[in-house]
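# Commentary on secondary and tertiary structure
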Amino acid sequence: MSEQLKFIVEQLNREPFKKNFNLITFDSLEPMQLLQTLNDALAEIDPKQAIDIREEMPEQTAKRMFTLLGMLKYKPPGGMSEVSSFRQGLVIGSKPVVHPILHWLLQRIPELKKRAYLARFLVKLEVPAEFLQDDVIAETFHQYEELVGGFKNIHKECEQLKSSGFSTAEIRRDIVAMEEEKDQLIKRVERLKKRVEAVSNHQRMLELARQLRVEKEREESLAHQKQEQKNQLFQAEQRLQRCQIQLRDLQQAAADEKPESLMKRLEEDIKFNSYMVSEKLPRELENTRKVVKYLQKVASEPALGQAELRELEDKIRETNTEINHLIEKKMMRNDPMDDKLSLFRQQAAIIVRKKETKVEELQEAREELAAVERELNMKSSQAQERGGAKLIRGDEFKRYVAKMRGKSSTYKKKRQEIAELKVEYGVLQRTEEILRERHTAGQQQLESLEAQRGISGYSDTQEELERVSAIKSELDEMKGRTLDDMSEMVKKLNSVIAEKKSALSPLIKDLRALRQEHAELAPEFEQKKAQYDTCAAGLESNRSKLEQEVRMLREETAQEESRYHHINCMREITESQMERAADQSKINQSMDIQVRRTEHCVTVGLQVLRQQVKQVRENQEPNMRQMKMWKDLETLLECKKQCYLKAQSQAPIGHVIQDVGKDMLVL
C-alpha cells in the first residue's frame with residue numbers, strides 16, 4: 001500500500017497535475033477533496049470531466065464516474081461480488097476504493113486517453129428494435145454504422161502511418177528528389193519533341209503512337225479483367241470446396257457421435273433455451289417495454305419551459321436529499337434483522353447476477369466455439385488445398401497414434417545410434433590428435449637430421465616447389481581458357497556487327513530517299529500553309545460579319561415582337577373599355593337630360609376609342625406579316641449556318657470548299 005501511495009503522490013506532483021502533495025497531506029485529504037483529485041485525473045483523460053464536484057450532486061458525480069470507468073474497462077479489485085460496496089465507497093470517497101482507481105489511472109494515462117477518444121466515436125447508440133422498423137430511423141442508423149466503420153478504418157490507417165517511421169525530413173527529401181526527376185523528365189521530353197519535329201509526317205506518327213498506347217492500355221485492362229474473373233472463379237471454387245469439406249466433416253461427426261452424448265447435448269441446449277425464454281428474455285422485454293412506455297409518456301406530454309424544468313430539478317434534488325437522509329438513518333439504525341434480510345437479499349442478488357453472467361459467458365463461449373469451428377474448417381480446407389493432411393477423427397486417430405508410437409520407438413533407436421556415433425567420433429577425434437602429435441614429432445626429428453647433414457629446410461623447399469608448380473599449372477590452364485573465351489567473344493561480336501550492318505543498310509537507303517522527299521515537299525508545305533493562313537483569316541472575318549448581322553436581326557426581331565405584344569394588350573384593354581361603356585350606356589338610358597348630356601360625352605369618347613381600335617386592326621396584319629418575315633429570315637440564316645458547319649465537318653483534309661465569291665480550304 002505504501003508503494004502505491006508513493007507512486008500516486010509522485011505522479012500527482014508532476015505535469016500536468018502539480019498538486020505538491022506528500023504522503024501525509026495526501027493521506028489526510030477529506031473525502032470530497034479525494035474525489036476532486038480523482039475527478040482531476042479523469043479530466044486529464046477526458047476533458048469533458050473537468051467539473052467542480054461541489055457544484056454537482058453526489059449521485060450525478062458517482063454516475064458520471066461509473067460511466068467513464070466502465071468505458072475505460074476498469075475492474076474493481078474485489079470482482080463482480082463487490083460491486084455494491086465499490087459503488088458505495090466511490091459515492092462517499094472511501095480511500096480503499098479511490099486509491100486503487102488513482103493508481104490504475106496514473107499508470108496508463110496515454111492509453112486511457114486514446115481509449116476515451118475512441119469511445120466518443122465507437123460506443124454505439126442502443127436503438128430499440130421497434131424504432132428500427134421506421135425506414136428513416138433505420139436508414140439513419142445504417143449511415144451512422146457506416147460512419148463508425150469509416151472512422152475505424154481511417155484511425156487504423158493513421159496509426160499505421162504513425163508507426164511506419166516516416167519523418168517529414170525524409171518526405172521533403174523525397175519531394176525534392178521527385179521534383180528534380182520531374183525537371184529532368186521535362187527536359188528529356190522537350191529534347192525528344194525537338195528531335196521528332198525534324199521528322200517528316202511526325203503528326204501522323206504521333207497519332208499512330210497514341211492509338212497504339214490506347215490499344216495497349218485497353219489490352220492491359222482486358223487482361224486485368226480476365227485475371228480478376230479468374231480470381232473470382234478460383235475463390236468460388238475454394239468456397240465450394242470448403243463447403244463440401246465442412247459438409248463431409250459434419251456428416252462424419254454425426255456418424256461418430258453416440259446417442260448418449262447427443263441426448264446430453266440436446267438436454268443442455270433445452271435447459272439453456274428454456275432459461276433464455278422463461279427468465280432472461282421476458283425480463284429484458286419487460287425492461288424494454290417500460291422504457292418505451294416511459295418514452296411515449298415523455299413524448300405525449302407538452303413541452304416544458306425553463307421555469308417548469310427548474311421546478312422539476314428542484315424536486316429531484318429534494319427527493320435525492322431525502323433518499324440520502326433515509327439511507328443514513330438506516331445505516332445508523334443497524335437493526336440486526338434488517339441486516340440479515342439485507343444480507344440474504346444481497347446474496348440472492350449476487351446469485352442472480354452470477355447466473356446472468358454465466359449465461360452470458362455460456363452464450364459467448366458458444367459463439368466463440370462456433371467461430372473456432374468455422375476457423376478450423378477453413379484452416380483444414382486451406383491445408384488440403386495446399387497438399388496438407390486433412391483432420392483425422394475416431395479410428396483413424398487411433399491408427400495415427402499407433403503409427404506415431406512406432407515412429408517414437410524408431411526415433412529412440414536412431415537416437416541411440418547417434419549417441420554411439422558421437423562416442424566413436426570422440427574416439428576418432430582423439431586418434432587424430434595423437435596422429436598429429438606424432439606427425440609433429442616426426443617433423444621435428446626430420447628437421448634435426450637435416451641440420452645434422454647440412455641440408456636444413458630441404459623438406460620445406462620441396463613442398464613449396466610442389467605447391468608452386470601446382471599453382472603454375474592451374475594458372476596456365478586458366479590463361480588458356482581465358483584466351484579461348486576472348487576469341488569466342490570476338491567472333492560473336494563480329495557476327496553481331498555484321499548482322500546489324502546488313503539489317504541497317506536497307507533502312508539507311510530508305511532514310512536517304514525520305515530525306516530527299518522531305519526536301520522536295522518542304523517548299524510545297526510552306527506554300528500550302530500560307531494559303532491556309534490567308535483562307536482562315538478570310539473565313540474568320542466573314543464569320544464575324546455574319547454573326548454581327550445575325551445579332552442585329554435578332555435584336556430587331558425582339559423589338560418588333562415586344563411592340564406586337566404591346567399593341568395586342570392595348571387592343572384588349574380598349575375592347576374591355578368599350579364593353580364597359582356599352583354596359584354603362586344601357587344603364588343610363590332611363591336617366592334625365594343631364595345624364596343624357598353625360599351620355600353624349602361618353603358617346604364621343606366611344607367614337608374616339610372605336611377609331612383607335614380600327615387603327616389597331618388595320619395595322620395588325622402588316623405588323624404580323626413583318627414579324628413573320630423576320631422569323632423566316634432568322635430561320636434561313638440559321639439553316640445556312642448549319643449547312644456551312646456541316647460542310648466544314650464533312651469535307652476531307654486539304655479539300656477546297658467553293659462558296660459565292662469565296663474559296664475555303666479545310667485542313
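Residues numbered from 1 in each chain as written. Predicted model: local features only at pLDDT ≥ 70, side-chain atom pairs only at ≥ 80, totals over all residues. Heavy atoms only, no water.

As named in an unreviewed UniProt entry, the chain is Intraflagellar transport protein 81 homolog, taken from Cyprinus carpio. According to its UniProt record, the chain has this under Subcellular location (unreviewed entry): "Cytoplasm, Cytoskeleton, Cilium basal body". Heading Sequence similarities (unreviewed entry) of the UniProt record for the chain holds this comment: "Belongs to the IFT81 family." (UniProt positions renumbered as here; feature names shortened; annotations may be inferred.)

## Structural notes on empty space enclosed by the protein
Taken as a whole, this structure holds two cavities of 30 Å³ or more when the rule is applied. The computed volume of the largest cavity comes to approximately 60 Å³. Around the largest cavity sit Tyr564, Ile567, Asn568, Arg571, Val616, Gln620 and Asn623, which together line it. Sorting the residues of the lining of the largest cavity by element identifies α15 (458–587) and α16 (593–650) as the ones contributing at least two each. Ranked by the residues each element gives to the lining of the largest cavity, the list is headed by α15, at four residues. Across the lining of the largest cavity, the residue classes break down as three nonpolar, three polar and one charged. Of the volumes computed, that of the second largest cavity is approximately 40 Å³. Glu560, Arg563, Tyr564, Ile567, Asn623 and Met627 are the residues that line the second largest cavity. For the lining of the second largest cavity, the secondary structure elements donating two or more residues are α15 and α16. (1 Å grid on protein atoms, 1.4 Å probe; cavity = no way out; pocket = protein on both sides within 12 Å on 5 of 7 lines; lining within 4 Å. Points joined across faces, edges and corners; volume = space filled by probe spheres on them. Helix = DSSP H or I, 4+ residues; strand = E, 2+ residues; numbered from the N terminus. Nonpolar A, V, L, I, M, F, W, Y, C, P; charged D, E, K, R; others polar.)

## Let's talk about a negative patch on the surface
On the surface, Glu284, Glu360, Glu364, Glu367 and Glu368 cluster together to form a negatively charged patch. Here the negative patch gets four residues from one element, more than from any other, and that element is helix α13 (residues 336–385). Residue position: Glu360 is located in helix α13. (Patch = residues over 30% accessible without salt bridge, like charges linked within 9 Å, V, L, I, M, F, W, Y side chains within 5 Å. Areas by Shrake-Rupley, 256 points an atom, 1.4 Å probe, with all protein chains shown as cover. Salt bridge = Lys/Arg side-chain N within 4 Å of Asp/Glu carboxyl O. Lys, Arg positive; Asp, Glu negative; His and termini not counted. Charge placed at Lys NZ, Arg CZ, Asp CG, Glu CD.)

## Brief notes about the pattern of salt bridges
Tallying each qualifying case throughout the model produces 13 salt bridges. Taken together, the shared-partner salt bridges connect Glu540, Arg543 and Glu547 into one network.

## Some words on the nonpolar core
Within the largest apolar cluster, 32 residues are counted, with the highest numbers of intra-cluster contacts made by Phe26, Leu38, Leu90, Ile101 and Leu105. Mapped by element, the contributors of at least two residues to this core are α1 (2–13), α3 (31–45), α4 (58–71), α5 (83–92), α6 (95–107) and α7 (109–122). With seven residues, the single largest contributor to this core is α6. Those residues in contact with Leu105 that lie beyond four places of it in its chain are Leu38, Ala41, Leu42, Ile45, Leu69, Leu72 and Leu112. (Core = buried A, V, L, I, M, F, W, Y, C linked by side-chain atoms within 4.5 Å. Buried < 20%, exposed > 50% of the residue type's maximum accessible area, 1.4 Å probe, protein only. Contact = heavy atoms within 4.5 Å.)

## A look at the packing of α3 against α6
The contact between α3 and α6 brings their axes to 10 Å, and the two run at 25°. Considering the angle they form, α3 stands roughly parallel to α6. Taken as a pair, α3 and α6 cross one another with a handedness that is left-handed. In this structure, α3 uses Leu34, Leu35, Thr37, Leu38, Ala41, Leu42 and Ile45 to contact α6, whose residues at the interface are Lys95, Val98, His99, Ile101, Leu102 and Leu105. Looking at the contact of α3 with α6 residue by residue, the classes come out as 10 nonpolar, two polar and one charged. (Axes fitted to C-alpha atoms, helices over the stretch in contact; angles between N-to-C directions. Parallel < 35°, antiparallel > 145°, perpendicular 65-115°, else oblique. Left-handed = near helix turned anticlockwise from the far one by under 90°.)

## Quick word on the side chain of Asp46
Positionally, Asp46 belongs in the loop between α3 and α4. Under the relative-accessibility criterion, Asp46 is labelled buried at 8%.

## Things to note about a nonpolar patch on the surface
The grouping of Phe131, Ile137, Val291, Tyr294, Leu295 and Val298 at the surface amounts to a nonpolar patch, some 520 Å² of accessible area in total. With four residues, the single largest contributor to the nonpolar patch is helix α11 (residues 259–300).

## Considerations on the state of the cysteines
Tallied over the full model, the rule gives zero disulfides. Counting only cysteine sulfurs, Cys639 is the nearest neighbor of Cys643, a cysteine outside any disulfide, at a range of 4.1 Å. (Disulfide = S-S within 2.5 Å.)

## With respect to the packing of aromatic side chains
In the structure shown here, the tally under the stated rule is three aromatic pairs. Note on Phe141 and Tyr144: the rings are 5.9 Å apart at their centroids and 40° apart in plane angle, and the pair reads as tilted. Highlighted residues: Phe141 and Tyr144, both in helix α8 (residues 135–163), separated by three residues, approximately one helical turn. (Phe/Tyr/Trp six-rings, centres within 6.5 Å; stacked < 30°, edge-to-face > 60°.)

## A short note on α4
Here α4 is 14 residues long and its end C-alpha atoms lie 20 Å apart, about the 20 Å a rise of 1.5 Å per residue gives. Here α4 has its buried residues at Thr61, Ala62, Arg64, Met65, Leu68 and Leu69. Along the axis of α4, the buried residues cluster in a sector spanning 165°; they form a single face. In α4, the exposed positions angled more than 90 degrees off the buried face are occupied by Lys63 and Thr67. (Expected span 1.5 Å × (residues − 1). Arc of directions from axis to C-beta.)

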